[in-house]
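Summary of the model geometry
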Amino acid sequence: MGQQNYISDEQVVKRANCAVKIALEKKRAMDVPIFTYDRATQSICVVGSDGTKIQVCRRYNHGRYSERCN
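A short tour of the structure in this document, coming up. What you are looking at is a predicted structure, and each value in this text was computed from that prediction instead of being measured.

A count of helical and extended segments in the chain gives two helices and three strands. Helices (α) and strands (β) of the chain occur, in sequence order from the N terminus, as α-β-β-β-α. Expressed as a percentage of its 70 residues, the buried residues of the chain come to 9%. For the chain, the share of sequence-separated contacts (at least 6 apart) that also reach a separation of at least 24 residues comes to 0%.

Structure representation (structure tokens):
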């Protein structure tokens, strides 16, 4: 029987965070826009390679069904 070496959850999270960081750096270097979600304003923004942030759309609050039907 071979020994199975599993990685811990902490290592999985650490590797995923590093992969995301590398992908974002690659997009910035290639001058590709990055889409992010801003929780404070509940909107989707495009972040350019120079750091400019442009709001694309906001979250639509549906409200109650009876208010939408009128």
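This is not the end of the story, as more comes after the structure.
Read across the open sheet, the three strands follow the order E1-E2-E3; overall the sheet is antiparallel. Every interior strand has two partners, whereas the edge strands, strand E1 (34-38) and strand E3 (53-58), have only one. If you compare each strand with its neighbour and ignore which way they point, the axes differ by 30° on average. In the sheet, strand E2 (residues 43-47) pairs with E3 via five bridges, with the strands oriented antiparallel. The residue of E3 that forms the bridge with Ile44 is Cys57.

All right, on to helix H1 (residues 9-29) then. Spanning 21 residues, H1 covers 30 Å between terminal C-alpha atoms, matching the ideal 30 Å at 1.5 Å per step. Backbone geometry just after H1 places Asp31 at a positive phi near 60°.

Definitions and cut-offs
Residues numbered from 1 in each chain as written. Predicted model: local features only at pLDDT ≥ 70, side-chain atom pairs only at ≥ 80, totals over all residues. Heavy atoms only, no water. Helix = DSSP H or I, 4+ residues; strand = E, 2+ residues; numbered from the N terminus. Buried < 20%, exposed > 50% of the residue type's maximum accessible area, 1.4 Å probe, protein only. Contact = heavy atoms within 4.5 Å. Pairing = 2+ DSSP bridges. Axes fitted to C-alpha atoms, helices over the stretch in contact; angles between N-to-C directions. Expected span 1.5 Å × (residues − 1).

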